[in-house]
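What the coordinates show
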Amino acid sequence: MARTSGWNTTAAIVTGAACALAGAALAGYLLSGRRPKKRTKIIEMMDELQKENVHIRDPERVEKLLCQLIQDGKSKLQIITDFDMTLSRFSINGKRCATCHNVLENSSLVPESKKQILDELRDTYYPIEINAKMTIEEKIPFMMEWYTKGTGVLVECGLKQSDLSLAVKESNARMRDGCDWQFHTLHEHSVPMLIFSAGIGDILEEIIKQHSQMYANMRVVSNYMDFNHDGMLVGFKGDLVHTYNKNEGALRNSDYFTTLKERRNIILMGDSMGDLRMADGVPNMQHILKIGFLNDNIEERLEKYKEAYDIVLVSDDTMDVPNAIMKKIL
Ligand code: TMP
Ligand code: MG
């Protein structure tokens, strides 16, 4: 099977044949009861999926999904992804990396008194965001509170648009390893990528620009800052996007998904249970492969993540698995 660049129709046909072969081998295995000697399934042949930190609850389903995505090819594909702790790294050398919000909270732009309030807010609400026992519905009012209070405090800080770039430069916000390849390759193959983030759009774009590259096939839906004529932050534009309302509001009245209606296959990437709802607005969706990054509170959440995401990547600061899958499709 071709593994290098230059993925094209031939590669899709070859891989499609591999899917059929895998199906035949599986049937043979079921009939004979003997274990096949060779690895014939796509998920068995991909080294990236054999690692210990990769959890797949239903391998048959993932195999089928991969076959379908590969057979349909890049013209039917779109990517929908979260930003903080999905495209961006959770940690580097054992130290937590900044989210979009943290970039500002930790910068010299925010006075100490306000930092203290933001820290207290995070200490109160982040444990709720990742709580394994609460339902999404129970969490929503707390997330609304966190985001409303947090953005309110930022507005009180007198932040200037011209300072954002330096704040990002001084932060330890980083992209996951492999984002460069992914962004460049998706652009090359004209596969659209929606970045759906409860972070701060202006900061998110600056992080991508400084540590990778923004391309024309990328669209960001997030909380964008509203600046006055003097470039001072006066508020946030539009409806608030928080971790658990990604299924409503922001994309409800947009034509983004309708213009992509022929792209019925989705690869969704996220790190929160709220991210699973990011593709709710896609009309006529056919196949969706959900890849979840589980970064924190791992033991408590692994089972739930395995039920919700097709592939769960535990403490993985790379894009190795999504990239390996994309390589097969493109
Ligand atoms: P995401 O949807 O791109 O992952 O962005 C949301 C993340 O931002 C979520 O994990 C919570 C985090 N966050 C902070 O770190 N500080 C804050 O003040 C707020 C409101 C959110
Ligand atoms: Mg996230």
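If you check an unreviewed UniProt entry, the chain appears there as 5'-nucleotidase from Branchiostoma floridae. Note on the chain: under the UniProt heading Subcellular location (unreviewed entry), the record states "Cytoplasm".

Turning next to the site of ligand 1. By nearness alone, 14 residues border ligand 1, and Asp82, Thr99, Ser197, Ala198 and Lys246 come closest of all. Contact between ligand 1 and Thr99: an oxygen atom at 2.9 Å from a side-chain N or O atom of the residue. Contacts to ligand 1 include Lys246, whose side-chain N or O atom sits 2.7 Å from an oxygen atom. The pocket occupied by ligand 1, as judged from atoms lying within 2 Å of grid points, is the largest pocket. Counting residues per element, the ones that place at least two in the shell around ligand 1 are helix H4 (100–105), helix H6 (136–155) and strand S5 (193–200). Across the shell around ligand 1, the residue classes tally to four nonpolar, five polar and five charged.

Moving on, we come to the nonpolar core. Ranked by size, the top nonpolar core spans 92 residues in total, and within it Leu87, Ile267 and Ile325 carry the most contacts. In contact with Leu87, not counting residues within four places along its chain, are Thr81, Asp82, Met175, Arg176, Cys179, Gln182, Phe183, Met193, Ile195, Met269 and Met319.

Those donors, Asp82 (OD), Asp84 (O) and Asp271 (OD), are the protein atoms that reach the magnesium ion (ligand 2), and they lie 2.1 to 2.2 Å from it. Between the donor residues of the magnesium ion (ligand 2), the gaps in sequence give the motif D-x1-D-x186-D. The class of Asp82 is buried, set by a relative accessible area of 4%.

Its 18 residues give helix H5 (residues 112–129) an end-to-end C-alpha distance of 25 Å, which sits within 8% of 26 Å, the value for a rise of 1.5 Å per residue. Most pronounced at Asp123, the bend in H5 amounts to some 25°, and the proline Pro127 follows within four residues. Those residues of H5 that fall on the buried side of the exposure criterion are Lys114, Lys115, Leu118, Leu121, Tyr125, Ile128 and Glu129. Where the residues of H5 are buried, they touch H4 and H6.

Thresholds applied
- Residues numbered from 1 in each chain as written.
- Chains lettered and ligands numbered in written order.
- Predicted model: local features only at pLDDT ≥ 70, side-chain atom pairs only at ≥ 80, totals over all residues.
- Heavy atoms only, no water.
- UniProt positions renumbered as here; feature names shortened; annotations may be inferred.
- Near = heavy atom within 4 Å.
- Polar contact = N/O pair within 3.5 Å; in protein donor to acceptor, adjacent residues only side chain to side chain.
- 1 Å grid on protein atoms, 1.4 Å probe; cavity = no way out; pocket = protein on both sides within 12 Å on 5 of 7 lines; lining within 4 Å.
- Sits in = over half its atoms within 2 Å of the grid points.
- Helix = DSSP H or I, 4+ residues; strand = E, 2+ residues; numbered from the N terminus.
- Nonpolar A, V, L, I, M, F, W, Y, C, P; charged D, E, K, R; others polar.
- Core = buried A, V, L, I, M, F, W, Y, C linked by side-chain atoms within 4.5 Å.
- Buried < 20%, exposed > 50% of the residue type's maximum accessible area, 1.4 Å probe, protein only.
- Contact = heavy atoms within 4.5 Å.
- Donors = N, O, S within 2.8 Å, 3.2 Å for Na, K, Ca; no water.
- Expected span 1.5 Å × (residues − 1).
- Bend = angle between axes of the 7 residues up to and from the residue.

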